[in-house]
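Next come the chains, spelled out residue by residue.
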Amino acid sequence: MVMIVVLSFLERAHSQVLAQGQSENRPWMDKALSPDRRADWVLQEMTLDEKIALLHGNGMPGWPRTVPGANPCLGNGGAGFVLGVPRLGIPIIQMSDAAYGVRSSGENGRYSTALPSSIASAASWDVQAACAYGALIGRELRAQGYNMTLGGGVNLTREPRNGRTFEYLGEDPILAGTMVGNRVKCEQAQHVIGDMKHYALNDQESGRNEVNVIIGKRAMRESDLLAFQIGIEIADPGAVMCSYNAVMGDYACENKYLLTDVLKKDWNFKGFVLSDWAGTHSTEKASAAGLDHEEPMDDFFGEKFKAAVEAGKIPMSELNDHVHRILRSEFASGMVDNPVQKSVVDVEGGFDISRHIAEQSIVLLKNDQGILPLDRTKLRSIAVIGTNANTSMISGGGSAQVDPPGHGATQWKEHVWFPTSPLKAIAPKAPEATVEFDSGADPASAAALAKRSDVAIVFVYQWESEDMDLPNLSLPENQDAIIEQVAAANPRTLVVLETGTAVTMPWLNQVRGVVEAWYAGSKGADAVANILFGEVNPSAKLPMTFPRSEADLPHPRLVTPPPDKATEGKLTFEVHYDERLKVGYKWYDAENKPVLFPFGFGLSYTTFSYSGLRVTTGSGTTVGFTVKNTGSRAGEEIAEVYAALPANAGEPPKRLVGWDKVQLNAGESKEVTVPVKTFYLSIYDEASDSWKLVPGSYTFMVGGSSQNLPLVETVNLK
Ligand code: BGC
């Protein structure tokens, strides 16, 4: 006992001496100073070589080349690492992809939780869920030895066939920006550097290195860029990753308008810009445009950069600004003050969070004759049908991929099924019923099983990945036919979608129920079963429109690069975003195109009514109304507020300007107040390069989906 007291006294004395010594020799280690001050101080001490070392990555596992002299052992198996400055106490930045969980755990034999995909989390419209999502990833990154995330994808769903739609947060800039902001804010609270990507307009994967995006300033500022702007405002992220594509003739990673004029000047972004992997194309041009850091190599921001500085082609002040930004993010995130220590991931805790977020993310799209929730007391037989529905559920691929436990490292573009078994999750919910499985490989056999069952639940999937787009929005692998045959055999057919984007549903009228489970993560099957049997009342709403067919999209045909291999990596084709501001529901509204399921749509096992709209103006705009639970069970309603701008604003018919998630017991009413920022009612005026509120009449609309807005009030705003 005495011994322990003496030891701990000695330890404390020792660490006090160390701390004093540190603050004398390394005054920048004083946490009371601002991140800017600390960064300036370190910068003063750095040699040119040390500065250059911060400007680039040092290779990654599987990359064909390594940086000469870089010790690959210093990496942690992640997508990139940046040498620190040990002499000055600046640690190595260890980066990992972490879109829906920490990637590459298989490679280093570690474990990560798979959360529902980002598009799923957007369907929760829940900022607390977004925060829990980010915090979990932050904790697991650190447990695995990483201090920077490469997650935070927020490209707008302009093109629903984009193979990365599952990694993003839907088609509305205010919803997507709010969700990514809350996610990254909570990620960074775990002392990792946060990241938002892919800046900007990387809205399709086909020809992502060859495509030049053509779009006007107003259209980009009010759509894709607005999502980033809102996210950055909320989270103050340490990093923004510029994208592969070009915008208006310049690659995003050497685009002065995007990186300097908008991001750093207009939005006052204080962090650093890193290139997407091999997305750097020049030294001087990129540096002057505002790129701070190259990944994963040093092709342009290594020796060439040093030579350019020595030759006076890049001013020292420009180099210092890059370095300052990187150091500032390191201090601001707390990764310097809280060095990473590998530890054991809380597996059970991760399961709970993943399941809970999935339950908040699963959208009930159709529920005819109240077939759901299933009544276990009335079911004697259940057919569970679909590829792997006995063992697992699909996950999204590419750099977002989380490796399933025990699977080892996954291959690029491998279809990865997570071990969360719908069959095993459903069986215990109805202990009196016989639960049988059929893969659907032979639709006739699946139909025969459906025929002799009380209810048939068909699990269908559509796999997506980075580095590819979907050819169309149809379910692959003959799954439409399986559903049709099963539904013909038993009208009590339910479809559970495991998709990362919208799908078309030629069988919609033949089935009783449809549930969109997205890529549901480590505990997806439990979440689905809890929804199907009513242990959880669904509350999620679509963060993107489900169109009737590709013919209704702004670009019915996906614009793809010329097939010539020789022109790979060169700007060879253009995508003209002529739909301009009309992204997602704004397009279908403006063009009067009926849709399969509108943006903001989702059913509950109870019903809600809206009344008493009061729009108050003055120092700010506030939208107040009452929501009542008119059904017989407790539920949560996402109440949505839209605004139509004055006609001379030249805007699509309406835009989402706010929402609230309201928890209501059966019969209960609540008054809801949604403050609406003036900014969210403004337009981007190209003539003055600024946001403006157009004076005139604004119509506010409130309800449960973008196409069900019973409350309407028009006010004048000046
Ligand atoms: C992706 C990025 C990712 C990077 C590192 C790139 O191919 O576009 O999103 O962070 O690889 O893995």
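Residues numbered from 1 in each chain as written. Predicted model: local features only at pLDDT ≥ 70, side-chain atom pairs only at ≥ 80, totals over all residues. Heavy atoms only, no water.

> What is the right way to look at the domain arrangement of the chain in this model?
Interface size is commonly expressed as the accessible surface area that is lost when the partners come together. By domain assignment, the chain separates into domain 1 (2-98 + 147-333), domain 2 (348-544) and domain 3 (606-717). Look at where the C-alpha atoms of domain 2 and domain 3 centre, and you get two points 33 Å apart. Domain 2 puts 8 residues into the contact, and the matching count from domain 3 is 10 residues. Note on domain 2 versus domain 3: buried area summed over both sides is about 640 Å², and carbon and sulfur give 33% of it. Broken down residue by residue, the surface that domain 2 buries against domain 3 is led by Asn 537, Ser 539 and Lys 541, which jointly contribute 77%. (Domains from an automatic or database assignment. Contact = heavy atoms within 4.5 Å. Buried area = accessible area lost by both parts, 1.4 Å probe.)

> Any chance you could explain the pairing of strand β20 (residues 621-629) here in plain terms?
Along any regular strand the residues' side chains alternate between the sheet's two faces. Counted residue by residue, β20 has 7 buried out of 9 residues, so it is predominantly covered. Judged from the 7 bridges that link them, strand β19 (residues 608-616) and β20 form a sheet pairing that is antiparallel. Opposite Val 615, over in β20, you have Val 623 as the bridge partner. From the end of β19 to the start of β20, which pair antiparallel, there are 4 residues, and Gly 618 there has a positive phi angle of about 135°. Relative to strand β23 (residues 669-676), β20 is paired through 8 bridges, and the arrangement is antiparallel. By the bridge assignment, Thr 621 is partnered in β23 with Val 676. (Buried < 20%, exposed > 50% of the residue type's maximum accessible area, 1.4 Å probe, protein only. Helix = DSSP H or I, 4+ residues; strand = E, 2+ residues; numbered from the N terminus. Pairing = 2+ DSSP bridges.)

> How should I be thinking about the site of the ligand in this particular structure?
Taken together, 14 residues lie near the ligand, and Asp 97, Lys 197, His 198, Asp 276 and Glu 466 sit nearest. Here an oxygen atom of the ligand sits 2.4 Å away from a polar atom, N or O, in the side chain of Asp 97. Between the ligand and His 198 there is a distance of 2.7 Å, counted from an oxygen atom to a side-chain nitrogen or oxygen. For the ligand, the accessible surface in isolation is 310 Å², of which the surrounding protein chains cover 95%. Here the shell around the ligand is built from residues that sort into 5 nonpolar, 2 polar and 7 charged. (Near = heavy atom within 4 Å. Polar contact = N/O pair within 3.5 Å; in protein donor to acceptor, adjacent residues only side chain to side chain. Areas by Shrake-Rupley, 256 points an atom, 1.4 Å probe, with all protein chains shown as cover. Nonpolar A, V, L, I, M, F, W, Y, C, P; charged D, E, K, R; others polar.)

> Please explain the packing of aromatic side chains as it appears in this structure.
Each aromatic ring pair is characterised by the separation of its centres together with the angle its planes make. Counting across every chain of the model gives 16 aromatic pairs. Residues Phe 597 and Phe 601 carry aromatic rings whose centres are separated by 5.5 Å and whose planes lie at 25° to one another, so their mutual orientation is stacked. Of the residues examined, Phe 597 reaches a relative accessible area of 7% and is grouped as buried. Of the aromatic side chains, those joined through ring pairs into one cluster are Trp 125, Tyr 585, Phe 599, Tyr 642 and Trp 659. Between the NZ or CZ atom of Arg 158 and the centre of the ring of Tyr 577, over which it lies, the distance is 4.8 Å. (Phe/Tyr/Trp six-rings, centres within 6.5 Å; stacked < 30°, edge-to-face > 60°. Lys NZ or Arg CZ within 6 Å of the ring centre and 35° of its normal.)

> Just checking my understanding: could you explain the state of the cysteines for this structure?
In protein chemistry, a disulfide is the covalent bond that joins the sulfur atoms of two cysteines. Tallying each qualifying case throughout the model produces 2 disulfides. Each disulfide pairs two cysteine sulfurs, and for Cys 131 the partner residue is Cys 186, the sulfurs being separated by 2.0 Å. One quick way to see it: the torsion about the S-S bond of Cys 131 and Cys 186 is about -95°, and its sign makes the bridge left-handed. Of this pair, Cys 131 sits in helix α5 (residues 127-143) while Cys 186 sits in helix α6 (residues 173-188), and the two are 55 residues apart along the sequence. (Disulfide = S-S within 2.5 Å.)

> Looking at this structure, how should I read the packing of α5 against α6?
The relative placement of two packed helices is expressed as an angle between their axes plus a distance between the axes. Relative orientation of the contacting elements α5 and α6 amounts to 40°, with a least axis distance of 7 Å. Between α5 and α6, the interaxial angle falls into the category oblique. The way α5 lies across α6 gives a crossing that is right-handed. Residues Val 127, Ala 130, Cys 131, Tyr 133, Gly 134, Ala 135, Ile 137 and Gly 138 of α5 touch α6, and the partners they reach there are Thr 178, Met 179, Asn 182, Arg 183, Cys 186 and Glu 187. Taken together, the residues that form the contact of α5 with α6 break down as 8 nonpolar, 4 polar and 2 charged. (Axes fitted to C-alpha atoms, helices over the stretch in contact; angles between N-to-C directions. Parallel < 35°, antiparallel > 145°, perpendicular 65-115°, else oblique. Left-handed = near helix turned anticlockwise from the far one by under 90°.)

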